[in-house]
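# Secondary and tertiary structure notes
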Amino acid sequence: MDRSPDTDAVQAGHYIDPETGAIVPPIHTSTTYARDGEYEPLGDHTYIRDGLPTFDPVEALAARLDRGAGARLFASGMAAFSAMCESLNRHSHVVAPQVMYYGAQSWLRRLNERGDIDLTLFDQHDPNAIGSTIRPGETELVWVETPANPTWDVTDIRAAASLAHQAGAFLGVDATASPVTTRPIELGADLVFHAVTKYYNGHSDVSGGLLVTASEDERWEEIAAVRSASGAIMGPFEAWLLLRGMRTLHLRVERSSESASAIARHFEGHPRLIAVLYPGLESHDGHATARAQMDRGFGGMMSLRVKGGHDSARQVATSTKVFVPATSLGGVESLIEHRAAVEPPESIVPEDLLRLSIGIEPVEELIADLEQALSS
Ligand SMILES: *Cc1c(COP(=O)(O)O)cnc(C)c1O
């Protein structure tokens, strides 16, 4: 039987040190690498900004998990995202969703205001929106985030890839639920983005980003060149911690997804809620697409819309005893966030929306905690 990507992850990329037999890769802290008598590098590395031996097993495993041809680590999700933006042609047309991770959208808006790109935002609730905003021959990047922050709208990756490719554009996907559930390259995407600060590392103690490519093309070389030149690289200790986190990625994502499904089903129709937004619920607009393109669960992220608007949502977010009131997501601990506190003024995210990141605590405790916070 072939080794699965899960087994490779558990075994740190099937690592065995040929000299020592160690089954965990070491942390290489050297910033520079010696050359031989011919002045050729002794190994595969020369200088830290071009990559470290400690990155190699992590990038190889990340490419394997997403079924890609290569992967690159960055110092943060945003460093990875901005390296991708930097690799675009000047003044190129970019299509992105109206509701997506706020930091990434504000970076695109900034580039648009500076005239570096020409940005069109599409309404992801309209299935024809990508098709009508794309400009054949002119659009370079179609960007989608699925399920999208913080409403968990689902975009059909296969359909988006076909529209992008017909127009001569490439499709980049922020796959928020991790490759355990969604592997965009298998569905036709050209580039996958992960904020590894979230599920990949999973312990809320490493900042990192990752790009995975479907093929080692010119764009990929350009992205690698941007990373080396701009220097937004991860530190060796962080890369090592990240690999440790990745060893349990599938367990954590499966557990979070199971608990999130149970919580969503429990609270759907709750008298204090307007809505439970979770792609695993049949009532969710994107459920059919989610079923088709997500396996092993619908992810650990959901949002609740609380009756009574801004103030009642704030009351709930400050009344939990197990859920920690904090931003971010994808860690082992459950978090609750009142998005109105952090969304920009122009945001279309409702003021009554609470974003939940479901961790791996016993699900009965999480349900009981939300029940008591909702009755506070
Ligand atoms: C956190 C996050 C990012 C940005 O990653 P950082 O590591 O915070 O820079 C981008 N997209 C999504 C969906 C995220 O959750």
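Residues numbered from 1 in each chain as written. Predicted model: local features only at pLDDT ≥ 70, side-chain atom pairs only at ≥ 80, totals over all residues. Heavy atoms only, no water.

## Thoughts on the overall build of the protein chain
Scanning the protein chain from N- to C-terminus turns up 13 helices and twelve strands. Taken over C-alpha atoms, the radius of gyration comes to 21 Å for the protein chain, in line with the 21 Å a tight globule of 376 residues would show. Overall, the C-alpha framework of the protein chain stretches about 75 × 50 × 40 Å when taken along its three principal axes. A total of 376 residues make up the protein chain; the buried ones form 53% of that total. Look at the contacts in the protein chain between residues 6 or more apart in sequence, and 71% of them connect residues 24 or more apart. When the accessible area of the protein chain is evaluated, it comes to approximately 16,200 Å², of which 50% is carbon and sulfur surface. (Helix = DSSP H or I, 4+ residues; strand = E, 2+ residues; numbered from the N terminus. Rg over C-alpha atoms; globule rule 2.2 N^0.38 Å. Buried < 20%, exposed > 50% of the residue type's maximum accessible area, 1.4 Å probe, protein only. Contact = heavy atoms within 4.5 Å. Areas by Shrake-Rupley, 256 points an atom, 1.4 Å probe, with all protein chains shown as cover.)

## Points about the pattern of salt bridges
Under the counting rule described, the total for this entry stands at 16 salt bridges. Linking Arg135 and Asp118 is a salt bridge whose minimum nitrogen-to-oxygen distance equals 2.9 Å. With Arg135 in the loop between helix H5 (129-133) and strand S4 (139-146) and Asp118 in strand S3 (residues 117-122), this pair connects stretches of sequence that are 17 residues apart. Note on Asp118: relative accessible area 30%, which makes it partly exposed. Here Glu337 makes a salt bridge to Arg339, at a shortest N to O gap of 2.8 Å. Each member of the pair, Glu337 as well as Arg339, carries the same accessibility label: buried. Ionic contacts of the salt-bridge type, sharing partners, join the residues Arg67, Arg183, Glu186 and Asp295 into one network. (Salt bridge = Lys/Arg side-chain N within 4 Å of Asp/Glu carboxyl O.)

## Topic: the packing of helix H10 (residues 249-267) against helix H13 (residues 363-374)
Where H10 contacts H13, the two axes come as close as 10 Å, and the packing angle between them is 40°. The way H10 lies across H13 gives a crossing that is right-handed. Only Val363, Leu366, Ile367, Leu370, Glu371 and Leu374 of H13 make contact with H10, whose side of the interface consists of Arg255, Ser259, Ala262, Ile263, His266 and Phe267. Tallied by class, the residues present in the contact of H10 with H13 amount to eight nonpolar, two polar and two charged. (Axes fitted to C-alpha atoms, helices over the stretch in contact; angles between N-to-C directions. Left-handed = near helix turned anticlockwise from the far one by under 90°. Nonpolar A, V, L, I, M, F, W, Y, C, P; charged D, E, K, R; others polar.)

## Let's talk about the sheet that holds S3
By way of backbone hydrogen bonds, the strands of a sheet pair with one another, either parallel or antiparallel. Ordered by their spatial adjacency, seven strands build an open sheet running S1-S7-S6-S5-S4-S2-S3, and the pairing between neighbours is mixed. The strands lining the two open edges of the sheet, one partner per strand, are strand S1 (70-74) and S3. Going across the sheet, the axis of each strand differs from the next one's by a mean of 20°, ignoring polarity. Strand contacts of helix H8 (residues 218-230): S1, S4, strand S5 (170-175), strand S6 (191-195) and strand S7 (209-213), with the helix running at about 25° to S1, the strand carrying the most contacts. (Pairing = 2+ DSSP bridges.)

## Brief notes about the packing of helix H3 (residues 77-86) against helix H4 (residues 102-113)
For the pair H3 and H4, the least separation of the axes is 10 Å and the interaxial angle reads 30°. Accordingly, the angle class assigned to the pair H3 and H4 is roughly parallel. Considering how the two elements wind past one another, H3 and H4 form a crossing that is right-handed. Here Met78, Phe81, Ser82 and Cys85 of H3 lie close against H4, whose contacting residues are Gly103, Ala104, Trp107, Leu108 and Leu111. Residue classes in the contact of H3 with H4 are distributed as seven nonpolar, two polar and no charged. (Parallel < 35°, antiparallel > 145°, perpendicular 65-115°, else oblique.)

## Things to note about the sheet that holds strand S11 (residues 335-338)
As summarised here, the arrangement of the five strands in space is S8-S9-S12-S11-S10, forming an open sheet in which the pairing is mixed. Where the open sheet ends on each side, the last strands, each with one partner, are strand S8 (273-277) and strand S10 (324-325). Pairing between strand S9 (residues 301-306) and strand S12 (residues 353-357): five bridges, direction antiparallel. Looking across to S12, one finds that Arg305 is bridged to Leu353. This element, helix H12 (residues 309-317), spans S9, S10, S11 and S12 of the sheet and lies at about 155° to S11.

## A closer look at the site of the ligand
As a structural note, the neighbourhood of the ligand is formed by 14 residues, with Gly77, Met78, Asp174, Thr197 and Lys198 the closest of them. Within the contact set of the ligand, an oxygen atom lies 2.8 Å away from a backbone nitrogen or oxygen of Met78. The side chain of Thr197 places a nitrogen or oxygen atom 2.6 Å from an oxygen atom of the ligand. Within the residue set of the shell around the ligand, elements represented by two or more residues are H3 and S6. (Near = heavy atom within 4 Å. Polar contact = N/O pair within 3.5 Å; in protein donor to acceptor, adjacent residues only side chain to side chain.)

Distances and angles like these do not, on their own, reveal function.
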